[in-house]
Every structure is written in structure tokens, then in C-alpha cells.
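These are the residues of each chain, in order.
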Amino acid sequence: MGVTVVQNFPITENRTGPSTIELLTKRISALGAIQQGHFLVDCETYTSVPQLGNPRTVHILHNSEQPATVFSILETENKTIPLATDGLFDLLMIKMANFYTSKKQTKAESKGPRYEIGDFLVKLGTVTVSQNFKGVLVEVEYRPCVVPAMCWELMREFLQGFLGSTAQSAPPLYLQNRMQDIYSPIDTIHQYLEQFTIYRKAPGLRT
Amino acid sequence: MERDLDQLYTALNAIKVLRSNVGSVFETVSNGLRADHGEEGKENKFMLELQDVLTTVNNNLRDVETAAANLTPPPGPFNLGNTAYLSQETTQERQALYGQLVNSYKWTDKIREYSTLAGNILATNSFNKTYKTFSTTKRRKTQTSNHNVPPEVIENLITGIDRLFPDVTINATRPFVPNPVIQASLGRVLKAIIAFKGLMIEWVIVKAHSESSDLWTESRYKVFRKVTENCHAAMCHFYSPTMPDLAVRSFMHWFHSYNTLFSCSCKRCGNHLHSNLPPTWRDLRTLEPYHEECK
Ligand SMILES: [Zn+2]
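Residues numbered from 1 in each chain as written. Chains lettered and ligands numbered in written order. Predicted model: local features only at pLDDT ≥ 70, side-chain atom pairs only at ≥ 80, totals over all residues. Heavy atoms only, no water.

If you check an unreviewed UniProt entry, chain B appears there as Mediator of RNA polymerase II transcription subunit 27 from Agrilus planipennis. We quote the UniProt Subcellular location (unreviewed entry) comment for chain B here in full: "Nucleus". Looking at chain B in UniProt, the text filed under Sequence similarities (unreviewed entry) is "Belongs to the Mediator complex subunit 27 family." (UniProt positions renumbered as here; feature names shortened; annotations may be inferred.)

Naming follows an unreviewed UniProt entry, where chain A appears as Mediator of RNA polymerase II transcription subunit 20 of Agrilus planipennis. Quoted verbatim from the Subunit (unreviewed entry) heading of the UniProt record, the comment on chain A is "Component of the Mediator complex." What UniProt records for chain A under Sequence similarities (unreviewed entry) is the sentence "Belongs to the Mediator complex subunit 20 family."

Structural data, given as C-alpha cells:
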């Protein structure tokens, strides 16, 4: 697992979601990428019932790249606790339905084709929040490197070559404080959650 | 040898023909008179036929005799060494051994032949790993061997390298006592598994930290496969038969420059990526980073 950057690709006025994905597919294929299956990242958010005292939020995320793992991020007033567990955690959440309830309208997911190009992994995700199309997320992973600070410049060059001027010039907010740390799958989950939160708040399409 | 074999085959063939024709003599005799001899003078016809086959047998016998006369008898009994006892083996499972033995003999013989050829071809190439001189004017002092040195010497060299670079961590294992295999971790960038043969670097393979540390499977990442390739080139470049420890040190010095593998841009084109790879080459003298295509 290498350093991963997740960023929103703005959808311009005259384009739809599928045509934006098609445009990016054309670009990445022209660079020599080969499609290797599909991917899916989903997120469901649960909040604690009032009887439990201070409100707490649990985000449950799945990533097809780590199919046997359930990621959860627990947010309390002053702390964020990430947890990676096996598939049984989903069943545990069902058992706790009396204490943590999900807001059904918030189920967010990003899914689409997955490409390999050199040592890079590129995923073009169509984002939906409770079945409504919200935008396009691009995930780029540079697999050989595990320290964001070492390869950020290199990844930025790759992102620019493929997304043009819409590529972010600074690392994702979540990564900025963790540039010297060893990258792990939960960091990708955090980035997705960061993005999903923005999509959920956006009233319509995110541009 | 070749000619001997040919003659042997001719002789064996002659015997085969003889046997088959003797067979037909007996067949003719045992069949006796047949319907196709007709009624008139059938005895005569039979006699003529028998005479014919006997003449053929006679000719065949002559062939066998000439062929046998042409053979050179072996100088003495064949010395099969201990393998001769194999024929006396009674256990079922070991009876197949002789065949395997012959096969492996053929195999080694082929190896010898191919390696002689390869040796001739390589001899014309100047990349010699052994130091040798053909000067006949003066007997040189025997060179100290590079691949058969006391373990302490190698040990000292490795500890020396370990101290030289703070961001290189070295783990050594010794599957074969005088020839250690070390795993050199270069910061958080990569690791190299280096096999020594005495004081010579025999093999290098570069991988990601998360990959297995065996010497044989190559990395699944293109960038490390490329670096491995370049390490092999550098290993040959730095090799010096007279100063083997210096060669290892120079190699490690060069190898150390890969700590910027992902972070440095190419000295020539200024970019980080070329064909989706970072600059995987380091200049052997200046240690500057270059893309494979830019060096
Ligand atoms: Zn270059």
C-alpha cells in the first residue's frame, strides 16, 4: 500500500457525470493505463441516541482494496478514534441499532473503474449520496512509496499530467500534518470521509 | 569416437538383418509345400526357394563378419566404478537409478560442452571478475583471494559500512558461513538484499520494505526492478579485484544516493516522471539523479 491522494474533479457546466468519467478515461488510457477491474468505497454514518449522553458519531467505511476490513471512525467532542476490524464489525453495528442509528439519506459511495499505469493506481469514482449523483473523485496511489513527504512532488506532477490545471497544488488537508508518517490504508479512508462530508453538505452537484 | 559409433551401428544393423532372414529360412522350412507352388515340379520350386533364402542368409553372414572385423575392440573392460554394483540392486525402487545416472551423466557432459563454449565467448570480453595475468617474464606474488577470506574480514567491512551511513541499516545473515547475505535498508525508501562471495558483491536485489527479503523473487514494482538492474551495472562497474573492500565501499556510497529516489527530479529534464518512473539512475561519479532516457 503506497501513498494515496484523493481529490475532487470539478464537473464543468456543459458536462454530465458519465461524460466526465469518459473524458478522464480517455486521458488515462492515452497515457498507457490498463483497466484492472472496478472499485468501491462506501460510507455510512451513525449517531448515538440521546440517552447515551454526549453525542457521538461513527462512520463505517468499506474499501474494495481491503475487502476483508471494516473501517470505522468514531468522533466524540474532542477525539477522533479510527479502527480497522474484520467483517464482523458490520454485524456488531446491527446489534447496536438501539444505540447508534443511521441517517439513511447519508449513505455515500464512490465507485468506478480502476486502472494501473506503471507503479501508479488510478481510480475514477462516481460519487453518490443516497443514490443522488454528486460529483467525481479521482484517487491516485503511488504504490512503491510509503512516506507522503518523499513522493508528494512526484505525485503532483502525475496528477497535473492527467488532470491538468484542476490538480491540487497542495497535499490533501488530512495529509498535510502527516507528511512524514508511514502511510496506511486508514489514511485513505480519512481522505474519503473528508471528501464525503463535503459532498453531503453540498446542495447539488459539487463543481 | 563418432566413426566407431557409426561402425557399431552398422554391425548391429547387419546382425538384425541376419536374424530376420534366418527367421524367414525357418519359416519357409516349417511351411513346407504350399498351394502356390502348383502341382507340377513343386519339389523343385520349393528347393529353389530355400536355396534363395539360404544364399541371402549367407550374404548377410558375410556382412556381419566384415562389419565385426571393422570394429575396434575396447582397450579393456569398461570401468563403471561403484555404479557397477547398481546392477546387483534388488530393491524395486532403486532399480531405476541406473537410468537416472546415465541421464545425469549426459546432462553434465552437455554442461561441460556448453560451458566450454560460453567460456570461449566470455574470454574475449574484458569483464573479468578474477584477477589474472599472463605475464611470463616474472613470477608474480600470488594474489590474495577475494572469495575465500576469513569471516572476520567481511564482518569488519560490513560493520564499517554500517557506521559510514547513518540512514543505512544493515542486517546480516550467513546461510553459508564465509558468504554473508545482508539486507541494507535505505531509510524508508527501499531495501536491498546483497549477497557476498567473500569480499565480492555477488548479487543485489532491490525491493520495497513491505516485500519479502529473499534473494530471488524480484520486486513487483517497476521502479525497484529498474533500480535492481542499475545496481547490477554498478556492481560490475565498481568491481576491483585488487581492492575488493574499496569496491564494496564505493558501491555502497553510490547505492546510498538512492535515498532521494522519490524526492529528486532528473538533472537533465528537470521532471520527476518519465514513462511514469522517477529518475532511477544515479551517475556513477557525481551521484546525480537521471532518468534512464536522460542519462
Ligand atoms: Zn529526465
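Visitor: I keep staring at the domain arrangement of chain B and nothing clicks. Help me out?
Guide: Annotation of chain B at the domain level lists domain 1 (2-33 + 44-70) and domain 2 (151-290). Its C-alpha centre places domain 1 of chain B at a distance of 73 Å from the equivalent point of domain 2 of chain B. (Domains from an automatic or database assignment.)

Visitor: Even after reading the chapter, I still don't get the interface of chain A and chain B, so can you show me in this structure?
Guide: Accessible area lost upon the coming together of the parts serves often as the stated size of an interface. At the interface, 21 residues of chain A touch 14 residues of chain B. Taken together, the two surfaces of chain A and chain B that pack against each other cover about 1500 Å², and 58% of this comes from carbon and sulfur. Remark: the boundary between chain A and chain B carries zero salt bridges. Summed over the shared surface of chain A and chain B, the result is six residue pairs in polar contact (both at pLDDT 80 or more). Broken down by class, the residue content of the side of chain A that touches chain B amounts to 14 nonpolar, two polar and five charged. (Contact = heavy atoms within 4.5 Å. Buried area = accessible area lost by both parts, 1.4 Å probe. Salt bridge = Lys/Arg side-chain N within 4 Å of Asp/Glu carboxyl O. Polar contact = N/O pair within 3.5 Å; in protein donor to acceptor, adjacent residues only side chain to side chain. Nonpolar A, V, L, I, M, F, W, Y, C, P; charged D, E, K, R; others polar.)

Visitor: Whenever I open this one, the nonpolar core confuses me. Can you help?
Guide: By size, the foremost hydrophobic cluster in this structure holds 76 residues, and its most contacted members are Phe162 of chain A together with Phe251, Met252, Phe255 and Phe262 of chain B. At nine residues, the largest contribution of residues to this core is made by helix α3 (residues 148-163) of chain A. Formed by 17 residues, the second largest nonpolar core is a distinct cluster that contains Leu61, Leu137, Ile186 and Ile189 of chain A. (Core = buried A, V, L, I, M, F, W, Y, C linked by side-chain atoms within 4.5 Å. Buried < 20%, exposed > 50% of the residue type's maximum accessible area, 1.4 Å probe, protein only. Helix = DSSP H or I, 4+ residues; strand = E, 2+ residues; numbered from the N terminus.)

Visitor: How should helix α2 (residues 42-70) of chain B be read in this particular structure?
Guide: Within an α-helix, residues lying three or four positions from one another point in the same direction, as the helix has 3.6 residues per turn. Residues and elements named next belong to chain B. In this model α2 runs 43 Å from its N-terminal to its C-terminal C-alpha over 29 residues, within 8% of the 42 Å that 1.5 Å per residue would give. Those residues of α2 not exposed but buried are Phe46, Leu50, Val53, Val57, Asn60, Val64 and Ala67. Structurally, α2 contributes buried residues whose contacts are with α1 (2-31). (Expected span 1.5 Å × (residues − 1).)

Visitor: So what exactly am I meant to see when it comes to the pattern of salt bridges here?
Guide: All names here are of chain A. If you walk through the whole model with that rule in mind, you get 12 salt bridges over all chains. Taking the shortest distance from any N to any O, the salt bridge between Arg114 and Glu65 comes out at 2.7 Å. Highlighted residues: Arg114 in strand β7 (residues 108-117) and Glu65 in the loop between β3 (57-63) and β4 (69-75), separated in sequence by 49 residues. Between Lys123 and Glu139 there is a salt bridge, with its nearest N and O atoms 3.3 Å apart. One end of the pair, Lys123, is in strand β8 (residues 120-129); the other, Glu139, is in strand β9 (residues 132-142), and 16 residues separate them in sequence. Taken individually, Lys123 and Glu139 each receive the classification buried, so the pair is uniform in this respect. Counted as one network, the salt bridges with shared partners bring together Glu65, Arg114, Lys123 and Glu139.

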